[in-house]
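Geometric and topological summary
Below, each chain spelled out in residue letters.
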Amino acid sequence: MSLIGRQAELEHLAGLIEDIQHSGGALLLSGAPGAGKSALLAEVRTHCASAGVRVLAANGVQSEQQVPFAGLHQMLYPVRAGLSGLPAGQRAALGTALGLADGPAPEVSLVGLAVVNLLAETAPLAVLLDDVQWLDQASQEVLTFVARRLCAEPAVLIATRRAGEPSALTSAGLPELALDRLSAEAAAELLDRVAPDLPAPARARVLDQAEGNPLALTELPATATETSPLPLTPRLERAFAARADALPIATRDCLLIAALHEHGALAEILTAARLQTEAGVAVLRPAVAAGLITLDTGVVEFRHPLVRSAIAQTADLGQRQAAHRALAEVLSGQPDRRAWHRAAATLGPDEQVAADLETTADRAQGRGGVAAAISALERAAQLSEDQADRVRRLLRAAELAVDSGRRDIVDRVLAEVRALPLTARQRALAAWLPSAFDDGVSEGAAGPGELLTLVEQVLAAGELDLAMRIFWGTAMRCFWVEPGSAVRERIIGVADRLPLPARDPRLVAITAYVAPIERGDVVVARLRELAAEVGGDPVTYRYLSSAALQVGALTESARFSAAAQPGLRAEGKLALVARALAVQAWSCVRLGDLLTAAPAAEEAAQLARETRQPYMYGLARAVQAEICALRGEYEQAETLAAEAEQVGLAAAARPVLAKVQLARGIAALGAGRYLDAFLALRRVHDPADPAYQLALRCYLLPELAEAGLRCDQADEVRKIVAELESAALSTSSPALTIGLRYARAVLAADDRAESLFRTALEADLTRWPLERGRLQLAFGEWLRRQRRPADSRPYLRAARETFDALGMPGWSERARRDLRATGEASPEPREDAYHELTAHELNIARLAADGLTNREIGERLYLSHRTVSTHLHRIFPKLGITSRTELGAALQPSPA
């Protein structure tokens with residue numbers, strides 16, 4: 001197809017190839033059918049050849065969508081030998097996905113990381129994907145993962161997408177270049193070139209009907225005397241169909257088989273055609289002459305996807321069934337493709353075909369092709385002769401849809417399931433599945449009380465595994481929403497009756513979520529008992545980190561969440577990695593370890609967005625807002641808080657909203673807006689406020705006490721403290737204990753304050769430097785107000801040094817200001833070079849300083865080792881160093 005009128009787009013694409021050595025990336029090229037997407041991609045391929053850039057390509061075909069990783073296999077086939085050079089875990093994952101090896105079902109992220117590294121070793125290269133909306137879902141998900149990570153590689157990914165068609169790549173946030181209709185001048189020029197002798201009336205009609213579409217301008221002159229009310233795309237399909245209708249019957253039959261075939265293998269197409277009529281390659285020559293197909297290296301290629309769809313759609317049902325049966329017979333050695341063709345040839349129930357499709361689903365799931373497995377199970381259910389088999393297959397499809405985050409599929413499947421006879425277990429499963437998304441915060445999910453009833457029913461039926469799955473969701477719901485004390489008591493009552501050991505990590509975490517105060521002592525004791533027994537299991541670490549966070553054991557939650565990550569990363573479980581990072585960031589920021597919290601929060605937000613966990617994303621953003629508030633970056637703190645609040649308000653996700661108010665309270669304190677700070681923090685303690693959260697309200701007492709004291713609301717704070725003093729009788733929560741000591745001291749009368757400050761400072765706060773610094777500052781300020789400047793200086797000096805080291809300039813400036821008031825000058829604060837690093841760069845720098853190689857860092861962060869190297873070369877100048885051996889010292893806070 002001519003590229004008249006597409007020069008600007010072609011220059012943009014050529015620029016990507018020319019700059020490939022300096023920066024990589026990805027681009028979506030979208031447009032209507034016939035807009036010239038494939039033609040532009042062909043020109044890019046030519047440009048790559050002249051520039052010495054290797055090309056890997058794949059074309060999406062509708063009939064191949066049910067074959068998991070078919071698109072990826074097509075793309076990577078020329079570089080398949082490179083698999084042997086990948087790390088073992090990645091090699092196994094990619095090999096299993098492509099059907100080259102047997103192994104456990106791989107996670108998309110592990111397959112994606114393998115592809116990123118394989119591409120990095122092949123670079124410079126361009127990945128060209130045509131009609132990406134028709135690639136199988138598994139390939140689309142992997143390529144989405146890859147596209148997000150090419151920016152630092154000498155590689156570009158360019159994908160064409162039919163406008164209005166969904167594709168996983170549209171969720172990757174890639175830049176998109178839309179092909180609009182040609183200008184009137186360009187359309188006229190193109191038409192004159194393809195049909196120079198067209199009479200003026202016909203020329204005007206074609207220009208009007210073509211609507212600036214290059215394919216239409218090329219094809220419609222042949223039917224220029226016709227008028228049609230059809231939209232442009234169906235009109236083009238009809239034009240192609242008319243051309244096909246003029247061919248011999250044998251050619252049309254063979255074309256139909258080719259249109260229904262997955263990837264155009266000429267030998268298979270001709271073999272299938274011979275089952276219907278005598279056929280050799282000559283039977284297709286008329287179609288070549290008509291410009292409908294090309295025959296190249298043993299492959300039938302349709303001139304345009306609309307030709308394929310036109311031929312398939314204009315055939316009657318009997319003709320399509322016959323073609324599918326012929327293909328199924330030819331493909332007897334390829335059971336999955338054969339099963340799909342047999343299913344397409346079958347109208348009514350057929351248990352044998354249904355069973356074959358279910359086996360196909362098993363194989364797809366084993367390779368990590370969950371979307372293909374779901375499709376196979378749904379079609380198998382339609383063909384099931386027995387209703388029990390139909391229900392079983394539908395529920396299995398729904399469970400897989402939950403695992404892949406497809407709420408739309410779950411709703412569709414369950415609507416069908418609920419009209420069928422179900423067992424008690426199946427009714428419970430159908431009732432629970434919609435609540436398995438977003439921890440049950442999303443609209444339409446069952447509440448904790450409803451889920452608890454399901455748990456009790458399933459337990460009564462002896463289904464402990466299913467009961468625990470539902471029960472875990474029930475407990476998680478108590479974190480995100482407030483069910484009320486009566487429901488919490490019911491949940492704990494069921495937990496106490498579970499046939500599980502008291503030290504089962506799941507039970508410990510459930511107890512912490514449901515009764516963080518009343519059972520706080522028990523949970524803290526269990527955490528300490530289990531800490532030495534975990535044995536490296538990431539799932540157990542995950543349960544323990546969640547439990548520790550709920551009861552305010554923040555040093556433990558930081559440690560457990562960090563320990564969970566290597567195993568979860570190695571398994572490619574990015575959704576759980578996002579959660580572990582969020583817990584780690586939440587804990588570390590409260591401990592004052594912003595160097596760990598900042599990169600953890602940023603990566604948590606990135607992975608939560610990639611894995612479609614909106615409320616975890618909101619939580620991570622709220623933690624980032626708190627970090628900015630502590631660093632004195634108040635405008636950025638409010639920007640992040642507002643974004644997180646928007647997420648939290650969408651479903652009244654209480655932890656997100658509570659964290660937002662904490663961030664705003666800290667920012668307001670730093671800016672001297674004490675009443676604003678008090679009002680923000682007070683909301684977390686108000687049961688009628690959506691920011692109220694039963695556990696988290698216990699862990700922000702220091703901020704609330706200071707804000708209340710400075711805006712004449714001390715009496716109101718004392719009421720809250722009195723309430724939490726009662727709560728502390730049931731829990732040995734470290735965060736609550738430390739917060740109460742601080743609040744007692746700052747709110748005390750002058751005759752009691754000093755002893756309370758000294759008692760608070762005598763506690764072991766080694767791993768709580770932020771709280772220690774806060775106490776030192778408050779005590780130093782109190783001593784100065786008591787006109788004891790000499791006594792105040794050591795505490796103010798210690799606070800200044802603490803906050804300087806923690807990177808909290810607003811707090812250290814308060815200490816400096818009070819020291820000046822006592823007559824002592826302070827050295828100017830030094831801006832450490834590592835503050836110039838982004839959170840992502842800081843993460844890489846710290847891992848390198850810990851001794852990890854570039855490849856190990858890449859495996860940890862899901863990057864290629866070349867990307868890590870690129871980042872380090874940018875990091876070194878920012879830190880004023882020349883080698884990784886200097887990283888450790890460069891990342892240490894400068895002495896005051």
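See the structure above.
The paragraphs below set out a description of the structure included in this document. All values reported here derive from a predicted model rather than from experimental measurement. (Residues numbered from 1 in each chain as written. Predicted model: local features only at pLDDT ≥ 70, side-chain atom pairs only at ≥ 80, totals over all residues. Heavy atoms only, no water.)

**Describing the overall build of the protein**
Scanning the protein from terminus to terminus reveals 45 helices and seven strands. Over its C-alpha atoms the protein spans a radius of gyration of 32 Å, differing by no more than 12% from the 29 Å that the globule rule assigns to 896 residues. Expressed along its principal axes, the backbone C-alpha trace of the protein runs to roughly 105 × 65 × 55 Å. The burial tally for the protein puts 56% of its 896 residues in the buried class. Excluding contacts between residues fewer than 6 apart, the proportion of contacts in the protein whose partners are at least 24 apart in sequence is 67%. When the accessible surface of the protein is summed, it comes to about 35,500 Å², and 50% of that surface belongs to carbon and sulfur atoms. (Helix = DSSP H or I, 4+ residues; strand = E, 2+ residues; numbered from the N terminus. Rg over C-alpha atoms; globule rule 2.2 N^0.38 Å. Buried < 20%, exposed > 50% of the residue type's maximum accessible area, 1.4 Å probe, protein only. Contact = heavy atoms within 4.5 Å. Areas by Shrake-Rupley, 256 points an atom, 1.4 Å probe, with all protein chains shown as cover.)

**Overview of the state of the cysteines**
Under the counting rule described, the total for this entry stands at zero disulfides. Here C48 is not cross-linked by a disulfide; its sulfur's nearest cysteine counterpart is in C151, at 19 Å. By relative accessible area, C48 is classed as buried at 0%. The thiol of C628 is unpaired, and the distance to the nearest cysteine sulfur, on C588, comes to 16 Å. (Disulfide = S-S within 2.5 Å.)

**Comments concerning the environment of H47**
Mapped onto the secondary structure, H47 falls in helix α2 (residues 37–51). The exposure class assigned to H47 is partly exposed, which follows from its relative accessible area of 23%. Sequence-wise, H47 and E18 are 29 residues apart; in three dimensions their C-alpha atoms are separated by 9.1 Å. Apart from residues no more than four positions distant in its own chain, H47 is found in contact with A14, I17 and E18.

**With respect to the environment of R767**
Looking at the secondary structure, you find R767 in the loop between α38 (750–762) and α39 (769–785). With 174 residues separating them in the primary sequence, R767 and D593 have C-alpha atoms 9.4 Å apart. Those residues in contact with R767, other than ones at most four positions away along the chain, are T555 and L591.

**Thoughts on the nonpolar core**
The biggest cluster of nonpolar side chains holds 233 residues, and the ones touching the most others in it are L72, M75 and L94. Element by element, the count of residues in this core is highest for helix α29 (residues 574–591), at 13 residues. Dropping the residues within four chain positions of it, M75 is found in contact with L56, A57, A58, V115, L119, V127, L129 and L143. Residues L232, C254, A287 and A323 belong to the second largest nonpolar core, which totals 50 residues. (Core = buried A, V, L, I, M, F, W, Y, C linked by side-chain atoms within 4.5 Å.)

**Focus: the packing of aromatic side chains**
The full count for this structure, using the stated rule, is twelve aromatic pairs. Where F757 meets W782, the ring centres are 6.5 Å apart and the plane angle is 45°; that geometry is what we call tilted. In this pair, F757 is assigned in helix α38 and W782 in helix α39, connecting sequence segments 25 residues apart. For the pair shown, F757 and W782 are each scored as buried. (Phe/Tyr/Trp six-rings, centres within 6.5 Å; stacked < 30°, edge-to-face > 60°.)

**Observations regarding the side chain of E771**
Its location among the elements puts E771 in helix α39. With a relative accessible area of 6%, E771 lands in the buried category. Apart from the residues lying within four places of it in its own chain, the contact partners of E771 are R590, P702 and I738.

**Some words on unusual backbone geometry**
Geometrically, the link from A123 to P124 is a cis peptide bond, its omega value of 5° lying close to zero. As for its position among the elements, P124 is in the loop between α5 (108–122) and β3 (125–130). In this model, F69 sits at a positive phi of 65°, which is unusual for a non-glycine residue. Residue position: F69 is located in the loop between β2 (54–59) and α3 (70–76).

**Here we look at helix α17 (residues 351–366)**
Taking 1.5 Å of rise per residue, the 16 residues of α17 would be expected to cover 22 Å, and the 22 Å separating its terminal C-alpha atoms lies within 8% of that figure. For α17, every residue scored as buried is listed here: V353, A354, L357, E358, T360, A361 and A364. Buried residues of α17 fall within an arc of 155° about the axis and therefore sit on the same side. The secondary structure elements touched by the buried residues of α17 are α16 (335–344), α18 (370–383) and α19 (387–403). Positive phi appears at G368, one or two residues downstream of α17, with a value of about 90°. (Expected span 1.5 Å × (residues − 1). Arc of directions from axis to C-beta.)

**Some remarks on helix α23 (residues 464–480)**
For the α-helix, the turn length of 3.6 residues means that residues three or four positions removed from each other point alike. Taking 1.5 Å of rise per residue, 17 residues should cover 24 Å, and α23 covers 25 Å from first to last C-alpha, within 8% of that figure. For α23, a buried count of 14 out of 17 residues is recorded, marking the element as mostly surrounded by other parts of the structure.

**Let's talk about the packing of helix α35 (residues 701–710) against helix α36 (residues 714–727)**
Helix packing for two helices is described by the angle between their axes and how far apart those axes are. Direction vectors running N to C along α35 and α36 enclose 155°, while the axes themselves pass 8 Å from each other. Viewed along their axes, α35 and α36 adopt a mutual orientation that is roughly antiparallel. The crossing of α35 and α36 is left-handed. Along its contact with α35, which presents L701, L704, A705, G708 and L709, the element α36 presents A714, V717, I720, V721 and L724. Partitioned by chemical class, the residues of the contact of α35 with α36 number nine nonpolar, one polar and no charged. (Axes fitted to C-alpha atoms, helices over the stretch in contact; angles between N-to-C directions. Parallel < 35°, antiparallel > 145°, perpendicular 65-115°, else oblique. Left-handed = near helix turned anticlockwise from the far one by under 90°. Nonpolar A, V, L, I, M, F, W, Y, C, P; charged D, E, K, R; others polar.)

**Quick look at the sheet that holds strand β1 (residues 25–31)**
Strand order in the open sheet made by the five strands is β2-β3-β4-β1-β5, with parallel pairing throughout. Strand pairing shows two members of the sheet lacking a second neighbour, β2 and β5 (176–179), which therefore form its edges. The mean inter-strand angle of the sheet, taken between neighbouring strand axes irrespective of direction, is 15°. (Pairing = 2+ DSSP bridges.)

**Details of the pairing of strand β6 (residues 293–296)**
Where β6 and strand β7 (residues 299–302) come together, four bridges link them in antiparallel fashion. By the bridge assignment, L295 is partnered in β7 with V300. Here β6 folds back onto β7, and the loop between the two strands holds two residues, one of which, T297, carries a positive phi near 45°.

**A few points about the pairing of β3**
Extensive coverage of β3 is indicated by the burial of six of its six residues. On β3, burial covers both faces: L125, V127 and L129 on one face and A126, L128 and D130 on the other are all buried. In this sheet, β3 lies alongside β2 in parallel orientation, the contact comprising six bridges. When the sheet's bridge partners are listed, R54 is paired in β3 with L125. The sheet contact formed by β3 and strand β4 (residues 155–162) spans five bridges and is parallel. Looking at the pairing, L128 lines up with I158 of β4. Remark: the β3/helix α6 (residues 137–147)/β4 crossover connection has right-handed handedness. (Right-handed = clockwise from strand over helix to strand, strands pointing away.)

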